[in-house]
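Observations on the three-dimensional arrangement
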Amino acid sequence: GICFEQKLHIKDISTPNIDVVIKTTNDKVFAIESKFREPYYYTPSNYIQKKYYDNKDIWNKLTKTKKYIDELDEGFIEIEKDIKERETSIEEKEIGVKKIFPTFKRLNAAQLIKHLLGLFNDNKSIKEYKNNTEYKNNIRLIYLYYDVSGNMGEEHRKEIKEFSDFIKKDNIKFTAISYQELIFNLNNLLDKNEENEKYLDYINVRYL
């Protein structure tokens, strides 16, 4: 099955949305976070709200990530005005947030971590598995992004690599792939019939 904008319930904390979730017949889960222009026209806030940070139960599959956040020098800080207006509830405004990956300018690493917390703590999904370890091993988070040339593209790719290396310390299955690479693969893998050729012509002209 394929679900778009799927809500994953992290207990009673929140319901992060993941752009696409694909579940296969052999119980594999591919969760896709898709970015197009976002990494190049705004700097991600990269914060974890206290409601996530304080709930230790939800971090049982991200123990090294939690330890890293614990050790950051940044304490809980006031939320910037523009973030208050765009993204936060009244409760979050009052209690503040904790910055993670503070040097990142392009990659919204905090959002990806929240997605992982959702994938690993969504009660409906977990009930389908008797073995918790098997459930974790069957999940892959995919970061799909549009690549660009120049300094912004270089910064973005560097941060993706840094995040990928870091998250694998928790044995997380994480893949990053550009739209350009995906389209190139489709050109090589799809059967050469009239319908596919028409679609490939469209995306090649529009995105490559």
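Read on for a plain summary of the structure. (Residues numbered from 1 in each chain as written. Predicted model: local features only at pLDDT ≥ 70, side-chain atom pairs only at ≥ 80, totals over all residues. Heavy atoms only, no water.)

This paragraph deals with the pattern of salt bridges. Tallying each qualifying case throughout the model produces eight salt bridges. Across the pair R106 and E155 runs a salt bridge whose closest N-O atoms are separated by 2.9 Å. Of this pair, R106 sits in the loop between β6 (97–99) and α6 (109–121) while E155 sits in helix α9 (residues 150–167), and the two are 49 residues apart along the sequence. For R106, a relative accessible area of 15% puts it in the buried group. Judged by its relative accessible area of 25%, E155 falls in the partly exposed class. Of the charged contacts in the structure, one is a salt bridge between D165 and K161, with a shortest N-O distance of 2.6 Å. Of the two residues, D165 and K161 are both situated in helix α9; the distance of four residues between them amounts to about one turn of the helix. By relative accessible area, D165 is classed as partly exposed at 41%. (Salt bridge = Lys/Arg side-chain N within 4 Å of Asp/Glu carboxyl O. Helix = DSSP H or I, 4+ residues; strand = E, 2+ residues; numbered from the N terminus. Buried < 20%, exposed > 50% of the residue type's maximum accessible area, 1.4 Å probe, protein only.)

Moving on to the packing of aromatic side chains. One pass over the full model with this rule turns up 11 aromatic pairs. One aromatic cluster is present, built from ring pairs that chain together Y68, F101, F104, F163, F166 and F174. Taking NZ or CZ as reference, R37 lies 5.0 Å from the ring centre of Y41, over its face. Over the ring of Y53 we find K66; its NZ or CZ atom is 4.2 Å from the centre of that ring. (Phe/Tyr/Trp six-rings, centres within 6.5 Å; stacked < 30°, edge-to-face > 60°. Lys NZ or Arg CZ within 6 Å of the ring centre and 35° of its normal.)

Attention now goes to α9. If you check α9, its first and last C-alpha atoms are 26 Å apart, about what 18 residues at 1.5 Å a residue would give, namely 26 Å. Inspection of α9 places G153, H156, E159, I160, F163, S164, F166 and I167 among the buried residues, and these make up the whole buried set. When α9 is viewed along its axis, its buried side chains cluster within an angular range of 160° and face the same direction. Of the exposed residues in α9, the ones pointing more than 90 degrees away from its buried face are N151, E154, K158 and K161. Elements in contact with the buried residues of α9: α1 (38–41), α3 (63–71), α6, β7 (139–145) and β8 (174–178). (Expected span 1.5 Å × (residues − 1). Arc of directions from axis to C-beta. Contact = heavy atoms within 4.5 Å.)

Before going further, it helps to examine empty space enclosed by the protein. Considering all chains together, one arrives at two cavities of 30 Å³ or more under this definition. Every residue lining the second largest cavity is listed: K35, E38, P39, Y42, P44, R106, N108 and Y143. Its residues assigned to classes, the lining of the second largest cavity comprises four nonpolar, one polar and three charged. (1 Å grid on protein atoms, 1.4 Å probe; cavity = no way out; pocket = protein on both sides within 12 Å on 5 of 7 lines; lining within 4 Å. Points joined across faces, edges and corners; volume = space filled by probe spheres on them. Nonpolar A, V, L, I, M, F, W, Y, C, P; charged D, E, K, R; others polar.)

Strand order across the open sheet formed by five strands is β1-β2-β3-β7-β8, with mixed pairing between neighbours. Either end of the sheet is taken by a strand with one partner, and the two such strands are β1 (2–7) and β8. Averaged over all adjacent pairs, the angle separating strand axes in this sheet is 30°, with direction ignored. Across seven bridges, the pairing between strand β3 (residues 29–35) and β7 is parallel. Looking across to β7, one finds that S34 is bridged to L144. Across the sheet, α9 lies against β7 and β8, angled at about 175° from β7, the strand it touches most. Set on the sheet, helix α10 (residues 179–189) makes contact with β3, β7 and β8; between it and β8 the angle comes to about 80°. (Pairing = 2+ DSSP bridges. Axes fitted to C-alpha atoms, helices over the stretch in contact; angles between N-to-C directions.)

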